[in-house]
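Structural overview
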Amino acid sequence: MIPLSIPNISGNEWKYVKDCLDTGWISSVGSYVNLFEEKVAEFTGAKYAVAAMNGTAALHLSLQLAGVRQGDLVIVPDITFVASCNAIAYLGAEPLLIDVDPLTWQMDLDILEEFLDQKSFTVGSYDESGNEVLSSHIKDTGRRIGAIMPVHVLGNMVDMDRLMALSEKYHLPVVEDSTEALGSYYKGKHAGTFGIFGTLSFNGNKIISTGGGGMILTNDANLAKKAKHLTTQAKTDPFEYDHDAIGYNYRLVNILAAVGVAQMEQLPGFLKRKKEIDAYYRNELESENLKFQKVTDGVEPNNWLHTMWVEHQRPLIEHLLKNEVQCRPFWVPMHQLEMFKSCTFVSEKQISEQVYRHCISIPSSTGLTDDQVHKVAEVIKAFYI
Ligand SMILES: *Cc1c(COP(=O)(O)O)cnc(C)c1O
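Conventions and cut-offs
- Residues numbered from 1 in each chain as written.
- Predicted model: local features only at pLDDT ≥ 70, side-chain atom pairs only at ≥ 80, totals over all residues.
- Heavy atoms only, no water.
- Buried < 20%, exposed > 50% of the residue type's maximum accessible area, 1.4 Å probe, protein only.
- Helix = DSSP H or I, 4+ residues; strand = E, 2+ residues; numbered from the N terminus.
- Pairing = 2+ DSSP bridges.
- Right-handed = clockwise from strand over helix to strand, strands pointing away.
- Axes fitted to C-alpha atoms, helices over the stretch in contact; angles between N-to-C directions.
- Parallel < 35°, antiparallel > 145°, perpendicular 65-115°, else oblique.
- Left-handed = near helix turned anticlockwise from the far one by under 90°.
- Contact = heavy atoms within 4.5 Å.
- Nonpolar A, V, L, I, M, F, W, Y, C, P; charged D, E, K, R; others polar.
- Core = buried A, V, L, I, M, F, W, Y, C linked by side-chain atoms within 4.5 Å.
- Domains from an automatic or database assignment.
- 1 Å grid on protein atoms, 1.4 Å probe; cavity = no way out; pocket = protein on both sides within 12 Å on 5 of 7 lines; lining within 4 Å.
- Points joined across faces, edges and corners; volume = space filled by probe spheres on them.

1. Structural notes on the pairing of strand E2 (residues 73-77)
Counted residue by residue, E2 has five buried out of five residues, so it is predominantly covered. Side chains Leu73, Ile75 and Pro77 project from E2 onto one buried face, and the interleaved Val74 and Val76 project onto a second face that is buried too. Bridge count for E2 against strand E3 (residues 94-98) is five bridges, and the pairing is parallel. Across the sheet, the residue bridging to valine 74 is proline 95, located in E3. In terms of handedness, the path from E2 via helix H4 (residues 83-90) over to E3 forms a crossover that is right-handed.

Below, the structure is given as structure tokens:
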């Protein structure tokens, strides 16, 4: 079977992990965690990077520190991996689902803007320090919109200038689900550095992997400190068991950070290989029956997972599996999942359902040989003859 998206362990992973084992620094303190954070901050241009045990934990903490609270709504696209919505629900908040663009499969900003324009109003209140804060609320229910979470689906991005302008106009803190977008840029600025928080995932199928892992990105020193504090049980004293908040055991362990450091060393090579494979597939396969994800002006994606909108999706999936080519349909739209069925879904043409019914992901691993990539293309071409 030609694999869909598997880790590429071909650098210093063994060496750095062995170093952890040899020195006994396997757990939550050790130099690789700091080094990994530094490397990710340097690569993305974020001022601070705080390691977490996975991307979902990074999202949960970021939303909490962005001020999302019980009863809030959080704007999120209807096409995303379920973890985005789960993280919202962990805080007692609720996803406000926005339909996606039919060509980029990202949140449709036309739909979002019209919704905010017609269905929301602004409320002023005061925070603990007596400063006035403005927020948007829904006209029918009065519920507050606590944040907006763009998801850079497959490493692609929306028009971030427009999204940031909307966030400002409607007083919505931005927490980016950039878990798939390490190595993606909008007008030269790295994904995850636009909002007050960005998040990364190093799950097994992501562009770099630590087995499981995540990172919180922010430019705010105080928020970075708070994030680190909450990932480590909000401990206030190195000796006494003293804590000043309900914290989490969300930190990344040193062994996994060691893998991360080795993976970061290889990231430029991975990105190059992803681009090559993407260009080959697009060149060979784009046709009447088959369209790749559209990339809009200003976006330089990481080409993480090669995905296409096809005719005859389910028969093609069967054909690929029969020919030993691993593939996957896209995510079931969030508004169709049992837990999120009652959430507001803002849509004109139910595009997310079509994306689900038409899109499939094909082998994208950076370790694929040219022969394997050619075989994938040939198997797909043979299906449409
Ligand atoms: C992978 C992913 C996550 C979650 O990351 P984990 O590290 O698996 O917890 C969240 N959102 C999206 C869009 C993802 O693809």
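2. Quick notes on the packing of helix H9 (residues 313-322) against helix H11 (residues 370-384)
Contact geometry for H9 and H11: axes closest at 10 Å, N-to-C directions at 135°. As far as their axial angle goes, H11 and H9 are oblique. In this structure, H9 crosses over H11, and the sense of that crossing is right-handed. In this structure, H9 uses Pro315, Leu316, His319 and Leu320 to contact H11, whose residues at the interface are Val379, Ile380, Phe383 and Tyr384. Partitioning the contact of H9 with H11 into residue classes produces seven nonpolar, one polar and no charged.

3. Considering the nonpolar core
Counting 78 residues, the largest nonpolar core has Phe36, Val40, Leu63, Met215, Phe330 and Val355 as the members making the most contacts within it. At nine residues, helix H8 (residues 254-285) tops the list of elements feeding residues into this core. Shared between two domains, this core holds at least three residues of each, these being domain 1 (13-264) and domain 2 (267-383). Ignoring sequence-local partners within four residues, the contact set of phenylalanine 36 consists of Phe202, Ile208, Thr210, Met215, Leu252, Ala257, Gly260, Val261 and Met264.

4. Considering the layout of surface pockets
The computed volume of the largest pocket comes to approximately 750 Å³. Surrounding the largest pocket, 24 residues form its lining, Ala66, Gly67, Arg69, Asp127 and Val133 being those nearest its centre. Contributing elements (two or more residues each) for the lining of the largest pocket: helix H3 (55-65), strand E4 (120-126), strand E5 (132-138), strand E6 (145-148) and helix H7 (221-231). Across the lining of the largest pocket, the residue classes break down as nine nonpolar, nine polar and six charged. Put simply, the second largest pocket is a space of about 370 Å³. Contributing to the lining of the second largest pocket are 15 residues, with Leu4, Asn205, Leu305, Arg328 and Trp331 lying nearest its centre. A domain split of the lining of the second largest pocket shows at least three residues from each of domain 1 (13-264) and domain 2 (267-383).

Any link to function would need more than the numbers given here.
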